[in-house]
Amino acid sequence: MPTDLNQKIYVAGHRGMVGSAIVRVLKAQGCSNIITRTHAELDLTNQAAVKQFFEQEKPAQVYLAAAKVGGIHANNTYPAQFIYDNLMMEANVIHQAFEVGVKKLLFLGSSCIYPKLAAQPMAENALLTGELESTNEPYAIAKIAGIKLCESYNRQYGQSHGVDYRSVMPTNLYGPGDNYHPENSHVIPALIRRFHEATVSNAPEVLIWGTGTPKREFLYVEDMAEASVFVMDLDKAIYDQHTSPMQSHINVGFGEDVTIAQLAHAVAATTGYAGKIDFDASKPDGAPRKCMDSSRLNTLGWKAKIGLNAGLARAYSDFLQHTAEKIT
């Protein structure tokens with residue numbers, strides 16, 4: 001919990017799944033001075049606009065959760081936009097935060113920063129040890145640049161200006177505020193939508209791409225938000241003790257993974273689907289396993305609380321409340 005509940009905290013990307021969860025966690029802890037801006041109010045790729053915003057507001061802390069995100073299709077179709085927009089956003093926010101004297105900043109990355117053939121589970125020291133997954137390489141490069149921006153400002157200005165900029169790398173996230181688009185969504189929201197529609201239409205069968213054998217790790221977004229605030233508020237001496245100046249990012253995962261088949265059956269149970277689930281082995285599986293090594297964060301005293309079944313129930317409830325009517 002922040003020591004000063006009245007300090008001004010800027011959450012960039014507050015309408016996104018993670019940003020909105022961070023706002024909820026901060027409010028629940030009693031923070032009373034949270035600043036937000038919609039994209040219409042502040043374009044973070046516009047250097048002059050970001051400069052003006054920081055000079056006006058002068059926040060004490062910044063959570064940088066804003067990003068241009070999308071699935072494989074979007075990453076493949078718009079690689080230039082993904083690398084440009086994300087580089088501009090993080091460069092503008094981190095530099096202008098420094099310019100107005102922001103001491104504490106948390107940058108949110110992604111597990112795609114790690115090499116596609118990284119040893120499992122993926123530890124922080126796997127960064128920059130191999131080739132990235134080609135489908136989202138531009139996005140991953142931008143996220144790696146964000147980590148290195150934070151580290152470079154710490155190295156150059158940490159002692160002279162008291163700069164303390166940190167980075168967290170989440171595993172696959174899901175929960176309230178997720179994207180349920182039929183083409184651009186990630187696996188959990190895509191399955192929630194498909195099984196919901198199958199339940200409503202009484203479809204006899206749902207066909208899932210791939211063999212169902214790949215394993216993936218999933219973290220409920222509220223857990224991610226709590227981990228973000230936890231890392232932001234860690235005593236600097238403790239944070240420094242568990243990181244190094246050029247490898248300062250911290251993984252945030254659930255600690256267990258499940259097969260896609262197990263996930264599909266769990267989503268089916270959550271939505272009340274009682275039909276048949278089949279797998280189309282002619283379709284690609286992707287990497288056989290993607291799991292984060294979160295032992296560094298666990299050692300620091302944080303562990304995820306919300307299990308997959310409980311998280312899916314909450315996610316489906318949010319879907320029914322905010323999305324189901326729009327797609328039927």
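None of these values were measured; they are calculated from a predicted model.

**So, helix α7 (residues 221–233)**
- The first and last C-alpha atoms of α7 sit 18 Å apart over 13 residues, in line with the 18 Å expected at 1.5 Å per residue.
- Counting buried positions along α7 gives ten out of 13 residues, so the element sits mostly inside the fold.
- Listed in full, the buried residues belonging to α7 are Val-221, Glu-222, Asp-223, Met-224, Ala-225, Ala-227, Ser-228, Val-229, Val-231 and Met-232.

**Overview of the layout of surface pockets**
- Here the second largest pocket defines a volume of roughly 240 Å³.
- Every residue lining the second largest pocket is counted, 15 residues in all, and those nearest its centre are Asn-154, Arg-155, Lys-236, Asp-240 and Pro-245.
- At the level of secondary structure, the elements contributing two or more residues to the lining of the second largest pocket comprise α5 (137–161), β5 (164–170) and α8 (236–242).
- Each residue belonging to the lining of the second largest pocket can be placed in one class, and the counts come to four nonpolar, six polar and five charged.

**Here we look at the sheet that holds β5**
- Spatially, β2-β1-β3-β4-β5-β9 is the arrangement adopted by the six strands of the open sheet, whose pairing is parallel. Looking along the sheet, the strands with just one partner apiece sit at the ends: β2 (34–35) and β9 (250–252).
- In the sheet, strand β1 (residues 9–12) pairs with β2 via two bridges, with the strands oriented parallel. Among the inter-strand pairings, Tyr-10 is bridged to a residue of β2, identified as Ile-35.
- Strand contacts of helix α1 (residues 17–28): β1, β2, β3 (61–64) and β4 (104–108), with the helix running at about 155 degrees to β1, the strand carrying the most contacts.
- Packing against the sheet, α7 makes contact with β3, β4, β5 and β9, and its axis sits at approximately 145 degrees to β4.

**Points about the side chain of Thr-259**
- Topologically, Thr-259 is positioned in strand β10 (residues 257–259).
- Those residues in contact with Thr-259 that lie beyond four places of it in its chain are Gly-212, Thr-213, Pro-214 and Lys-215.

**Some details on the nonpolar core**
- Core analysis: the biggest nonpolar cluster contains 39 residues, and Tyr-10, Leu-44, Phe-54, Val-62, Leu-105, Tyr-114 and Tyr-165 have the highest contact counts within it.
- Of all the secondary structure elements, the ones that give two or more residues to this core are β1, α2 (47–57), β3, α4 (79–99), β4, α5 and β5.
- Residues contacting Leu-44, with those up to four places away along its chain left out, are Tyr-10, Ala-12, Val-50, Ala-66, Met-88, Met-89, Asn-92 and Val-93.
- Among the nonpolar cores identified, the runner-up in size contains 33 residues, and Val-25, Leu-108, Val-231 and Val-252 belong to it.

**A short note on the pairing of β4**
- Within β4, five of the five residues are buried, which leaves it mostly tucked inside the rest of the structure.
- A two-sided burial pattern is seen for β4, the buried positions comprising Lys-104, Leu-106 and Leu-108 on one face and Leu-105 and Phe-107 on the other.
- Bridge count for β3 against β4 is four bridges, and the pairing is parallel. Its bridge partner lying in β4, Gln-61 is registered against Lys-104.
- As judged from the five bridges shared by β4 and β5, these two strands associate in the parallel manner. Paired with Phe-107 across the bridge in β5 is Ser-167.
- Each parallel crossover has a hand, and the one from β4 via α5 to β5 is right-handed.

Thresholds, definitions, all that
Residues numbered from 1 in each chain as written. Predicted model: local features only at pLDDT ≥ 70, side-chain atom pairs only at ≥ 80, totals over all residues. Heavy atoms only, no water. Helix = DSSP H or I, 4+ residues; strand = E, 2+ residues; numbered from the N terminus. Expected span 1.5 Å × (residues − 1). Buried < 20%, exposed > 50% of the residue type's maximum accessible area, 1.4 Å probe, protein only. 1 Å grid on protein atoms, 1.4 Å probe; cavity = no way out; pocket = protein on both sides within 12 Å on 5 of 7 lines; lining within 4 Å. Points joined across faces, edges and corners; volume = space filled by probe spheres on them. Nonpolar A, V, L, I, M, F, W, Y, C, P; charged D, E, K, R; others polar. Pairing = 2+ DSSP bridges. Contact = heavy atoms within 4.5 Å. Axes fitted to C-alpha atoms, helices over the stretch in contact; angles between N-to-C directions. Core = buried A, V, L, I, M, F, W, Y, C linked by side-chain atoms within 4.5 Å. Right-handed = clockwise from strand over helix to strand, strands pointing away.

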